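So the chains spell out like this:
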Amino acid sequence: MVNSLLSLDVEKRLGEFQLAAKFEAAGGATALFGPSGAGKSTIANLVAGLIRPDRGRIMLDDTVLFDAATRIDVPPHKRRIGYVFQEGRLFPHMSVRRNLDYGRRMSGHLRDDAEAGRVVAMLDIGHLLDRRPGKLSGGERQRVAIGRALLMQPRLLLLDEPLASLDADRKDEILPYLLRLRDEAKVPMLYVSHSPAELKRVATAVVRIARGQVAAQGGLELLATNDSA
Amino acid sequence: MFGLTPDEWTAIELSLRIAIVATIVALPFGLAIAWVLARKEFWGKSIVDGVVHLPLVLPPVVTGYLLLIWFGRKGPIGAFLEHTFGIVLAFRWTGAVLSCGVMGFPLMVRAVRLAIEAIDRRLEDAAATLGAGRVWVFATVTLPLALPGVIAGMVLCFAKALGEFGATITFVSNIPGETQTISAAIYTLTNVPGGDAAAGRLVLVAIVISLTALIVSEWFARRAGLRFHGE
């Protein structure tokens, strides 16, 4: 694949589970698709730097994030990869505003109110800014989590089952925002999900994962296979 | 004032000073050790854990005696401190700070460690992906979320330091105006004829100080707890 944004070729053993994944992803929204327990989230954590591969290499743009051969391992806080977790993981002791601002504060960037305003407007979370995460609905929480990851100006956005904890109505509430993210903000995404229905609407390319390996890589036609959960 | 003699006031002031300084000095070490024990796996971890908890299970006199051997003016650490920094601990109120701090330390570490272990590590991971290095993760996520436990640990350490008797009297003796705390003063008063009234007054003071510390810490912990659930 030309112009690959992310290229990954890693192995990782976690107890009985053996992961050996090799794929490349371009811009747009690349789906990591497969049944639960196939290793999708593990791959996301490897890319984010939360888990260290046993061997292999991870590249993003032209920079090496991890290379076992040259012992390069960029720590997660220096990777600038946004991560939207299934459970949101908002900081319970901070207001929504401070959650959104966290990435900027930690990276020492100057405040960019225009950019913050755009993201807040796009995700429709302006009325939530002074609330605590404990007072948000599931859908609101995920929107704030997406905004928090976006505002750190990530080179890549990881989304790990961002809709899995939501009911059907909430899913429909969030999906349009994800599409705007893809088409308007043009943030490259790695989208982990086991749901073909969800991915059919969001993904532009598909990497199918099964039993810790890349089973197939291609377009949306891969979502039609019947071994999905 | 309040029917207390100047000597009794001296003992009270000394007790408070020793307990407060001991708690403050113990805090950074307590946070560091508690974090390491809660978040790190390493060879010899159970030994570190055991050494930290030793003052809790050893007879206080033994702890005081060990401090005297090591930190006395002829002890290896004590001699080093005196020659290098001019710091003398033996038979000084600063020595009482050391013995009280050592005795209160395991209680502080225990409370802080439990609080850190109760924090969802995935929040710390999330902070890391947002650009926070290890120190910032601790300062902005771990510490604020562990705050009720940290406050509880500080109060336990303070209370233990305030009441410490055995290790302190062994290490720095019972010198009025220098190392004679409330506990030591009560002990002395009960050994002299007619000392009961004065001892009773100091007993009351000890109860008041301890209760106040408990109430204040409850208030702080509740406020810190409320912040997570937001209002």
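Residues numbered from 1 in each chain as written. Chains lettered and ligands numbered in written order. Predicted model: local features only at pLDDT ≥ 70, side-chain atom pairs only at ≥ 80, totals over all residues.

Even after reading the chapter, I still don't get the overall build of chain A, so can you show me in this structure?
Within chain A, the secondary structure is distributed over six helices and eleven strands. In summary, chain A has a C-alpha radius of gyration of 17 Å against a globular reference of 17 Å for 229 residues, a match within 12%. For chain A, the C-alpha atoms occupy an extent of roughly 45 × 40 × 35 Å along the three principal directions. Out of the 229 residues belonging to chain A, those deemed buried represent 45%. (Helix = DSSP H or I, 4+ residues; strand = E, 2+ residues; numbered from the N terminus. Rg over C-alpha atoms; globule rule 2.2 N^0.38 Å. Buried ≥ 20, exposed ≤ 12 C-beta atoms within 10 Å, placed from the backbone.)

When you look at the confidence of the model for chain B in this model, what are you seeing that I'm missing?
For any part of a model where pLDDT is low, the fine detail of the predicted coordinates should not be relied upon. Averaged over all residues, the pLDDT of chain B is 91; the fraction at 70 or higher stands at 97%. Quick note on the complex model: pTM equals 0.86, ipTM equals 0.90. (pLDDT = per-residue confidence, 0-100.)

Please explain the interface of chain B and chain A as it appears in this structure.
By a widespread convention, an interface's size corresponds to the accessible area lost as its parts come together. The interface is formed by 18 residues belonging to chain B together with 21 residues belonging to chain A. Put simply, the parts of the chain that give the side of chain B that touches chain A at least two residues each are helix 6 (121–129), helix 7 (134–163) and helix 10 (196–229) of chain B. The element that contributes the greatest number of residues to the side of chain B that touches chain A is helix 6 of chain B, accounting for six residues. By residue class, the composition of the side of chain B that touches chain A is ten nonpolar, five polar and three charged. (Contact = placed C-beta atoms within 7 Å. Nonpolar A, V, L, I, M, F, W, Y, C, P; charged D, E, K, R; others polar.)

I would appreciate a short explanation of the pairing of strand 8 (residues 156–160) of chain A in the present structure.
Two faces make up the sheet, and in a regular strand the side chains alternate between them. Residue and element names in this part refer to chain A. Counted residue by residue, strand 8 has five buried out of five residues, so it is predominantly covered. Alternating residues of strand 8 divide into L156, L158 and D160 and L157 and L159, and every residue in both groups is buried. As defined by bridge partners, strand 7 (residues 81–84) adjoins strand 8 across four bridges and the pair is classed as parallel. The residue of strand 8 that forms the bridge with G82 is L157. As paired strands, strand 8 and strand 9 (residues 189–193) are joined by four bridges and run parallel to one another. If you follow L157 over to strand 9, its bridge partner there is M189. The handedness of the strand 8 to strand 9 crossover, carried by helix 5 (residues 168–185), is right-handed. (Pairing = 2+ DSSP bridges. Right-handed = clockwise from strand over helix to strand, strands pointing away.)

What's the story with the pairing of strand 3 (residues 29–33) of chain A in this structure? I'm lost.
Residues and elements named next belong to chain A. Among the five residues that make up strand 3, five are buried, leaving the element largely enclosed by the rest of the structure. Burial along strand 3 is two-sided: the residues A29, A31 and F33 and T30 and L32 are all buried. Two strands pair when backbone bridges link them, and strand 3 and strand 9 are joined in this way by five bridges, in the parallel orientation. Bridging across to strand 9, L32 finds its partner in V192. Pairing analysis gives four bridges linking strand 3 to strand 10 (residues 205–210), with the strands arranged parallel. Among the inter-strand pairings, A31 is bridged to a residue of strand 10, identified as V206.

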